[in-house]
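# Summary of the model geometry
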Amino acid sequence: MSPDPLDISLGLSFLETPCEAEEYFAAMRIKRGLALVNKAWNRHMQEYLYEFVWISRASQAKALALTLLTQYIHGKPSSGRWIRRLHMETPTLKRCATDDIRTILDYAPHLVIYSDHHAVRCTRYQEFNDVRCSPEQMVSALASPNSKLRRLSLTNYSDIPFPYHMSPMLKQTARNLEYLELSSLSVPLVSNRAPACASPIVSLPVLQSLKLTLDNTTFAILASWEMPNLRNVSVVSSDFGYAGRGFANFFAAHGLKIQQLELGHSSSLIVEHNLSLHPRPVQQIPLADWCPNLQEFICSADAEWNWQSPDWIAPHVLLPAHPHLRFIGIRDIDKRLADDASSFPADVEDDAPFFPLLEQISSLLFNNAFPSLRYIRDLSRVSHAVRNGHRSETRILKFWAKILTRCGERQVWLEDYRGVNITVRDLKRAGLVIP
């Protein structure tokens, strides 16, 4: 059974696996089958057919907008009143027209979850014949004193930093907002400049999770926002500005409350970027001091050797140690294993290609770096499938067997993406006999 699409509590933590397109379309096939039983069933199923709308290409948005307009013209009850969750995620060449999305928003007054993942066809230099479809007005369509929005994912399509035209809308929708994701299509040319003018201070009283894919200047503005219940933060800096003033101001203001942190840029990308700078940054970022109550940390699997500390590999260059961290989640282990295996296409039973990754994960078990660590989780679904498949490669199973042994010695639980413990029995079932 698929989870309730309107239950946002499942997605407040960045450890939760988001709903995928395959799951959505499988659920829709079941709903459509029930709606085709007879006219009575069709009438009762309308609410469930429209409660969660996933738009994956422009033609779907146009079809929905046309349906809503046609119902209005013929004086029929609008199906938009049933829409509670609108998710837009399209390929770059199949982004939705602005007028179609604006029409859908106008006829969907009861939205609880709105997600726009770079899915609207806006250009920086486009002149909008319909003023309702400008980036500013598209955002304002979500603003309502009676807004029920609890989860909001926005993309800024304008060159203007988002707080200057989105902050008024957020002030209208702030009462119930528990999850906020903000991203931008454009990368600023100058990131460390001070904000040109004051931005309204936004109060988000019940916000628990904040995901940012933004520039350093915007971080400085967000530092002044009031978010008393903020617990979970995911950061992907669009300009590698981790050493900038905005990043520091944000965590100085809100770091004390943060219990879960994800840093999206991999350590290797940051290191390569720093090496290209002249002069190279020498300032150490005291992330552990900014976030003393941090309990959970999420990073990528592609951390690289640090020649300054060759005996161990930190999970992320910005967090080499933390005294209170209990949980570390690792993304993209499947990609790392595949890349390492392709680099050494030798004996399928030889796990030597995975030695660097083995040492990287083993470094997390150093008591001096993370003395409170109790859980390590592989956040990859693909890795779980490979590990438990009927034809799992022997060398991959050997790799996980070594990880499991080292975790056992340190009394740390090794988990799959669901939070279920990985055990010796699981590996034996997949075909490996561990001595």
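What this report covers is the structure whose coordinates are included nearby. (Residues numbered from 1 in each chain as written. Predicted model: local features only at pLDDT ≥ 70, side-chain atom pairs only at ≥ 80, totals over all residues. Heavy atoms only, no water.)

### A word on the packing of aromatic side chains
The criterion, for reference: Any two of the Phe, Tyr and Trp rings considered here, Trp counted by its six-membered ring, make a pair once their centres fall within 6.5 Å; the pair's planes then place it as stacked at under 30 degrees, edge-to-face at over 60, or tilted in between. Buried residues are those whose accessible area, probed at 1.4 Å on protein chains only, stays under 20% of the maximum for their type, while exposed residues exceed 50% and partly exposed ones sit between those limits. Starting at the N terminus, helices and strands are each numbered in turn, a helix being any DSSP run of H or I of at least four residues and a strand any DSSP run of E of at least two.
Counting across every chain of the model gives 14 aromatic pairs. Measuring from centroid to centroid gives 5.3 Å for Tyr 24 and Phe 25, while their planes differ by 70°, and the two rings are edge-to-face. Judged by its relative accessible area of 8%, Tyr 24 falls in the buried class. Arranged with centres 4.8 Å apart and planes meeting at 45°, the rings of Phe 247 and Phe 251 form a pair that is tilted. In this pair, Phe 247 and Phe 251 both sit in helix H8 (residues 245-254), four residues apart, roughly one turn of the helix. A single burial state applies to Phe 247 and to Phe 251, both of which are buried. Taken together, the aromatic side chains of Phe 219, Phe 247, Phe 250, Phe 251 and Trp 290 make up a single cluster linked through ring pairs.

### Comments concerning the environment of Leu 64
To keep it simple, the criterion reads: Throughout, a contact is declared for two residues whenever any of their heavy atoms are within 4.5 Å.
With respect to the helices and strands, the residue Leu 64 is situated in helix H3 (residues 58-73). A residue is classified by how much of its surface remains accessible, and Leu 64, at 10% relative accessible area, is buried. Residue contacts for Leu 64: discarding those within four places in its chain leaves Tyr 50, Val 53, Ile 83 and Ile 104.

### As for the pattern of salt bridges
Put simply, the rule is: Salt bridge, as used here, is a side-chain nitrogen of Lys or Arg placed within 4 Å of a carboxyl oxygen of Asp or Glu.
Going through the model one piece at a time under the given rule, you end up with 14 salt bridges. With a shortest N-O distance of 2.7 Å, Arg 150 and Glu 178 are connected by a salt bridge. Of this pair, Arg 150 sits in the loop between helix H5 (135-140) and strand E4 (151-156) while Glu 178 sits in the loop between helix H6 (163-173) and strand E5 (179-184); the two residues are 28 residues apart in sequence, bridging distant segments of the chain. On the basis of relative accessible area, Glu 178 is assigned to the buried category, the value being 13%. Connected through salt bridges with shared partners, the residues Glu 20, Glu 23 and Arg 381 form a single ionic network.

### Let's talk about the sheet that holds strand E7 (residues 232-235)
To keep things clear, this is the line we draw: A pair of strands is labelled paired if DSSP reports no fewer than 2 bridges between them. To get an axis, fit a line to the C-alpha atoms, keeping to the stretch in contact for a helix; angles then go from 0 to 180 degrees between the N-to-C directions.
Ordered in space as E1-E2-E3-E4-E5-E6-E7-E8-E9-E10-E11-E12, the 12 strands form an open sheet in which the pairing is parallel. On the outer flanks of this sheet lie strand E1 (52-55) and strand E12 (413-415), each paired with one strand and no other. Ignoring which end each strand starts from, the neighbouring axes of this sheet average 15° apart. Here E7 runs beside strand E8 (residues 260-263); their pairing, made up of four bridges, is parallel.

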